[in-house]
Amino acid sequence: MNAISGHLSYWVTIFLMVAGLYILIARTNLLKKLVGLAILQSSVYLLYIAPGKLIGGTAPIIADGFTVYSNPLPHVLILTAIVVGVATLALGLALVVRIREAYGSIEEDEILEQED
Amino acid sequence: MPDHLPALQVVLPLVVAPLIVLLRHRGFAWLATTAVSYTCLVISILLAARVASGGAISYAMGSWPPPWGIEYRIDALSAFVLVLVSLTASFVAPYAHRSLAAEVRPERHYVVYAMYCLCLAGLLGITITGDAFNLFVFLEISSLSMYVLIALGTRRKALVAAYQYMLMGTVGATFYVIGVGLLYLMTGTLNLVDMAERLRTVDELRPVLAALAFITVGIGLKLALFPLHQWLPNAYAYAPSMVTAFLAATATKVSVYVLLRFYFGVFDPSVLFGQLHTREVFIALSVAAMITASLVALYEQDVKRLFAWSSVAQIGYITLGIGLANQAGLTGSIVHLLNHGVTKGAIFVLLGGLALRGAGAPVTMAGLAGLGRRMPLTAFGLVIAGLSLVGVPGTAGFISKWYLLTGALERGQWWVAAVIVATSLIAAAYVWRVVEAAYLRQAPAGAPAPGEAPPGMLAAALGLVILCVYFGIETSFSLGGARDAALLLLGGGR
């Protein structure tokens, strides 16, 4: 039981990771692939943030009566990773718009059928 | 001032990029990009000289001492790769002006230059930083700008190529960051040197092995390790010429640097190559890349794609040296980063000149016919760079292949040595196709009139071609640097 409930955040992380990768590979719609990519990236956010939180822990500010602190570094790192993720997604969506303009489709197989 | 050179190396191109976007002036953008590229080259040479004389440099970003702050760390290996990146940049930047005029709409030129500066900042940042997460951020800065650069290609296939590269590249970066996350969970540090020390005391090996797997696959995607190379041929073929030249000479090489850094600087090489099957895996994948990609190149009609496939094969040589993991093999691998970078840079820069003369149409084998008459210098440059690709003595390619051969024989891997020789012969065959078309076939009736590419472009191309020969004869910098770096990785040097 402990293997499941004690590591719940890891199981969720792994589920998101695999689900994201599956969508990325299995879908042919360019937009849906980006959705998969976004899910894959959110699994990373969870992977970093969840272990940084201690139950009952507070922000690492020295004050009377508080002895348990959460690690703030993962939050900062993931803030950066979220920005990177947003930029990637924005670029991906922009590319899909341009592909739609150039090919008239966002289905991968239909695009690959068309010659130059 | 000299103390802050490591920061300037990255900050300069990073600051110039938004300036270019703000001013939106074509001429200024070009001048600024060229100036930045040359300044970066000077800085990287100064840094390399200081590393050579005084050992590794540690620079505390914002004066926060490592391992708490972000450390910029330059040792023999990173100094070598810094010189490679900025050297390529300083050849490609001046060349970009005329090449872009033919291939990209004028109002978009400033975007190209801004993205180029960002990409340069990212690549230099990856090389110089000593912090695993900082490395991820720079990896994404360089990759995102590279996707934009590829998407700016003339044909619509460039968009699809950029999209596919973006998907695979982002999966690669995400895998890398998952691996780093696992390592951070186990060690509580992101500083690579500190992480290496703490990993030695970690008892629970399973998360570390998972991290190793994620980082290997993630960086393998970025460096186009066979069979993760599918993005490469299209990305190289459809990007604007200057982008292809820059991408081919730097992006995959910097990713190889990251892999080397983790394999020999963070993980324990004695475990990697002693207990795990890293050696067998790398040698098998490299040999597969060398054989299959060379064979595909043999039958390719589009010249840019031909040399893109040849790049996949050449990356196989580089990763082969990692698999051999001995002094000669690693030296060959590292020196091939530079030698192949210069060679492929020269080839794609020359092909850019060809595309310009052919008014932007893709360069095909048929289009090369009679090139020896029409553009004698370009054709001659292609032959010399092609010889370097094959590894003929007197060219840069020979030096790296010689060391790889020695490394394979020292390991007692006779069949690997045989494969190196056999794939060099296949390379000779596909280079011969180019030579045959250029010199032995008559130009078709509708071919462009005789005449070389504009002098500025030709100068950059011939400069790189001269380097192909120079690094084949005078090897004190290339081979000396690679030898120091290999010694450092194997735990004997600075």
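Structure shown above.
Criteria and cut-off values
- Residues numbered from 1 in each chain as written.
- Chains lettered and ligands numbered in written order.
- Predicted model: local features only at pLDDT ≥ 70, side-chain atom pairs only at ≥ 80, totals over all residues.
- Helix = DSSP H or I, 4+ residues; strand = E, 2+ residues; numbered from the N terminus.
- Rg over C-alpha atoms; globule rule 2.2 N^0.38 Å.
- Buried ≥ 20, exposed ≤ 12 C-beta atoms within 10 Å, placed from the backbone.
- Contact = placed C-beta atoms within 7 Å.
- Nonpolar A, V, L, I, M, F, W, Y, C, P; charged D, E, K, R; others polar.
- Pairing = 2+ DSSP bridges.
- Expected span 1.5 Å × (residues − 1).
- Axes fitted to C-alpha atoms, helices over the stretch in contact; angles between N-to-C directions.
- Parallel < 35°, antiparallel > 145°, perpendicular 65-115°, else oblique.
- Left-handed = near helix turned anticlockwise from the far one by under 90°.

We now examine the overall build of chain A. The helix and strand tally for chain A stands at 5 helices and 0 strands. Scaling as 2.2 N^0.38, a compact globule of 116 residues should have a C-alpha radius of gyration of about 13 Å, whereas chain A reaches 20 Å, well beyond that. Projected onto its principal axes, the C-alpha coordinates of chain A cover approximately 70 × 35 × 15 Å. Taken across its 116 residues, chain A has 24% of its residues classed as buried.

Chain A puts 25 residues into the contact, and the matching count from chain B is 23 residues. Secondary structure elements with two or more residues in the side of chain A that touches chain B: helix 3 (30-52) and helix 4 (73-103) of chain A. With 13 residues, helix 4 of chain A is the largest single contributor of residues to the side of chain A that touches chain B. Along the lines of polarity and charge, the residues of the side of chain A that touches chain B split into 18 nonpolar, 4 polar and 3 charged.

We now examine the pairing of strand 2 (residues 71-74) of chain B. Residues and elements named next belong to chain B. Side chains of strand 2 alternate between two faces, with E71 and R73 and Y72 and I74 buried alike. Pairing of strand 1 (residues 57-60) with strand 2, which is carried by 4 bridges, proceeds in the antiparallel orientation. Its bridge partner being in strand 2, I57 is matched across the sheet by I74.

Residue and element names in this part refer to chain B. Helix length check: helix 16 (residues 376-390) (15 residues) gives 21 Å between terminal C-alpha atoms against 21 Å at 1.5 Å per residue, within 8%. Here helix 16 has its buried residues at T378, A379, G381, L382, I384, A385, G386, L387, S388, L389 and V390. Check the buried side of helix 16 and you find it contacts helix 13 (303-324), helix 14 (327-357), helix 15 (371-374), helix 17 (396-410), helix 18 (414-440) and helix 19 (455-473). Downstream of helix 16 by a residue or two, G391 has a phi angle that is positive, lying close to 100°.

Another point: the environment of V42 of chain B. Residues and elements named next belong to chain B. As for its position among the elements, V42 is in helix 2 (residues 26-54). Under the C-beta neighbour-count criterion, V42 is labelled exposed, with 12 such atoms within 10 Å. Each C-alpha atom, one on V42 and one on L87, is 9.2 Å from the other, the two residues being 45 residues apart in sequence.

Okay, the environment of G491 of chain B next. Residues and elements named next belong to chain B. Structurally, G491 is set in the segment after helix 20 (478-489). Among the residues examined, G491 registers 10 C-beta atoms within 10 Å and is labelled exposed. Residues G491 and P269, 222 residues apart in the sequence, show an inter-C-alpha distance of 9.7 Å.

Residues and elements named next belong to chain B. Two elements in contact, helix 3 (residues 76-103) and helix 19, have axes whose closest approach is 8 Å; the angle formed by their N-to-C orientations is 150°. Taken together, the axis directions place helix 3 and helix 19 in an arrangement best described as roughly antiparallel. Once helix 3 is placed against helix 19, the crossing between them reads as left-handed. When helix 3 is examined against helix 19, the residues F91, P94, Y95, H97, R98 and S99 are found in contact with a partner set consisting of G456, M457, A460, G463 and L464. The class makeup of the residues in the contact of helix 3 with helix 19 is 6 nonpolar, 4 polar and 1 charged.

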